[in-house]
Amino acid sequence: MPFDEIDRRRFLLLAAAPLLVAQKAVAPRARESMLQMNGYAVNAETPLALLTEYVTPNELFFVRSHWIPRTPNPKKWRLTIDGEVDRSGDITLSELKKLPHAEATCVLQCAGNGRGLYSPPLPGVQWRYGAVGNSRWTGVRVRDVLEHAGVKPSAKHLHVFGSDDPPGKVPPFHRSVELEKVLADGILAFAMNGEPLPVAHGAPLRLIVPGWAGDHWMKWLVRLSPQAEAQKGFYMETAYRYPLTPGAPGVAFKPEEMAPVTELFVKSNITTAPAKARAKHACEIRGFAFSGAPDIAKVEISDDDGATWQETSLDPRHDPYAWRLWSHHWTPSRSGTVRLCARATDSRGNVQPREATWNQSGYLQNSWHFVDVEVTA
Ligand SMILES: Nc1nc2c(c(=O)[nH]1)N[C@H]1C(S)=C(S)[C@@H](COP(=O)(O)O)O[C@H]1N2
Ligand SMILES: [Mo]
């Protein structure tokens, strides 16, 4: 059996487990609709047309794993805390759960979502639109856990380690996050949308970094270590960096000319539009919008390539760094192929650009999203 096939089977078993518990008739069908990107390890994006709910169901949530999860045995699992702390040691899941619970409903988007839309093309997972979702994460505050351990003032970066282990000489997915950000907003989550955190999404514990790209959201956490310096290694010094001044394709950058990818760029997608419509008859267009800023100020759509814009209605449901669903009654004024596009503006005034900035790793693609509607007279 080829290696990929073994991995795929193992994943299907793992992915099926929480579904069996939940016994939702819709769940197996939802999982079948996921668009698998490759066999090793497991990368699957959600079809855009299914991302219509405020809270993305667990079964539909995209999966991005660099390596096969080596799922910790929940009975033996411990979170080790060491580094620049007064009291290093291990904490069990039940001890952790005794701390005050914290909850955040927010967007998780892979930094590479939309990479497959860049031209010229880039190596890496060819994500289109669906490496994003909005979930309710429950756990404990990073701040509370670290206060327990007594973080020294010298600590500036939280080194985070998961239990996944790459083969051979492949570099491990070891990362660090600026301590200031995780002390302000970070959550160690053990539940997702009211269910135990699924294995594919990092059980028993993962890091939530609201507003920041998915590479910071370490899954299968086993160790936290506050340190003075950022973590070294391939996934800090080479991958997940964005050029300070993006250049033309083919231009190589030195590490100091790049900064880590952190906040998400403002972005909106159209999830629902009719393939066919009638001129002078209203139809409904829907979508979502999010940003690295805590809120979305407005979403507009255009049917004349951005010459004029119509403001959409924002759904009242909202949490900091969550997405906003939006809808609009659009009345086509003429027949023919009409190209619709959407653009979002966030609470800091950032406006989604017509063209995302091409960058060497294909991160944070946020171009206007165009959808064609055939309008008959
Ligand atoms: N331990 C570990 N954590 C990880 C990863 C990984 O490969 N290993 N992938 C990261 C990346 S790049 C993303 S986009 C998110 C994806 O989370 P999801 O699979 O729950 O959607 O997890 C992050 N956390
Ligand atoms: Mo990612």
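Described below are features of the structure shown in this document. Small disclaimer: the values here were computed from a predicted structure and weren't measured.

Structural notes on the overall build of the protein chain
(1) Moving on: A tally of helices and strands in the protein chain yields 6 helices and 24 strands.
(2) Moving on: A buried classification covers 52% of the 377 residues belonging to the protein chain.

Considering the sheet that holds strand S5 (residues 89-91)
(1) Moving on: Taken in spatial order, the 5 strands of this open sheet run S5-S4-S13-S8-S9, and their pairing is mixed. If you trace the sheet from one side to the other, it starts and ends with S5 and strand S9 (175-178), each paired once. Averaged over all adjacent pairs, the angle separating strand axes in this sheet is 25 degrees, with direction ignored.
(2) Moving on: Helix H4 (residues 142-149) contacts strand S4 (79-81), strand S8 (157-162) and strand S13 (221-227) of the sheet and is inclined by roughly 55 degrees relative to S4.

With respect to the pairing of strand S16 (residues 267-272)
(1) Moving on: Summarising burial for S16: 5 of the 6 residues are buried, a large majority.
(2) Moving on: Bridge analysis of S16 against strand S18 (residues 283-290) gives 5 bridges, and the strand direction is antiparallel. Each residue of the ladder has a partner; that of Thr272, found in S18, is Arg286.

Overview of the pattern of salt bridges
(1) Moving on: Taken as a whole, this structure holds 13 salt bridges when the rule is applied.
(2) Moving on: For the salt bridge of Arg175 with Asp215, the shortest nitrogen-to-oxygen distance reads 2.9 Å. Residue Arg175 is located in strand S9, and its partner Asp215 is located in the loop between strand S12 (206-208) and S13; the two are separated by 40 residues in the primary sequence. The same class applies to Arg175 and to Asp215, which are both buried.

As for the packing of aromatic side chains
(1) Moving on: A complete count under the given rule lists 14 aromatic pairs for this structure.
(2) Moving on: Measuring from centroid to centroid gives 4.9 Å for Phe234 and Tyr235, while their planes differ by 90 degrees, and the two rings are edge-to-face.
(3) Moving on: By relative accessible area, which is 39% here, Phe234 ends up partly exposed.
(4) Moving on: What makes Tyr235 buried here is its relative accessible area of 8%.
(5) Moving on: Taking 6.3 Å as the distance between ring centres and 35 degrees as the angle between the ring planes, the aromatic pair formed by Tyr235 and Tyr240 counts as tilted. As far as burial versus exposure is concerned, Tyr235 and Tyr240 are alike and both buried.
(6) Moving on: An aromatic cluster is defined as three or more aromatic residues linked by ring pairs; in this entry it consists of Phe61, Phe62, Trp127, Trp137 and Trp217.
(7) Moving on: A cation sits over an aromatic face here: Lys97 above Phe190, 5.1 Å from the ring centre.
(8) Moving on: Above the face of the Tyr321 ring, Lys181 is positioned so that its terminal group lies 4.8 Å from the ring centre.

Regarding H4
(1) Moving on: All of the buried residues in H4 are Val142, Asp144, Val145, Leu146 and Ala149.
(2) Moving on: The positive-phi residue at the C-terminal boundary of H4 is Gly150, with phi of around 75 degrees.

Observations regarding empty space enclosed by the protein
(1) Moving on: Applying the stated rule across the entire model yields 5 cavities of 30 Å³ or more.
(2) Moving on: In this structure, the largest cavity encloses a volume near 230 Å³.
(3) Moving on: In terms of lining, the largest cavity is formed by 20 residues, of which the most central are Arg64, Arg206, Gly214, Trp217 and Lys219.
(4) Moving on: Broken down by element, the lining of the largest cavity gets its largest block of residues, 3 residues, from strand S3 (residues 63-65).
(5) Moving on: When grouped by side-chain class, the residues that make up the lining of the largest cavity number 11 nonpolar, 4 polar and 5 charged.

Cut-offs applied
Residues numbered from 1 in each chain as written. Chains lettered and ligands numbered in written order. Predicted model: local features only at pLDDT ≥ 70, side-chain atom pairs only at ≥ 80, totals over all residues. Heavy atoms only, no water. Helix = DSSP H or I, 4+ residues; strand = E, 2+ residues; numbered from the N terminus. Buried < 20%, exposed > 50% of the residue type's maximum accessible area, 1.4 Å probe, protein only. Pairing = 2+ DSSP bridges. Axes fitted to C-alpha atoms, helices over the stretch in contact; angles between N-to-C directions. Contact = heavy atoms within 4.5 Å. Salt bridge = Lys/Arg side-chain N within 4 Å of Asp/Glu carboxyl O. Phe/Tyr/Trp six-rings, centres within 6.5 Å; stacked < 30°, edge-to-face > 60°. Lys NZ or Arg CZ within 6 Å of the ring centre and 35° of its normal. 1 Å grid on protein atoms, 1.4 Å probe; cavity = no way out; pocket = protein on both sides within 12 Å on 5 of 7 lines; lining within 4 Å. Points joined across faces, edges and corners; volume = space filled by probe spheres on them. Nonpolar A, V, L, I, M, F, W, Y, C, P; charged D, E, K, R; others polar.

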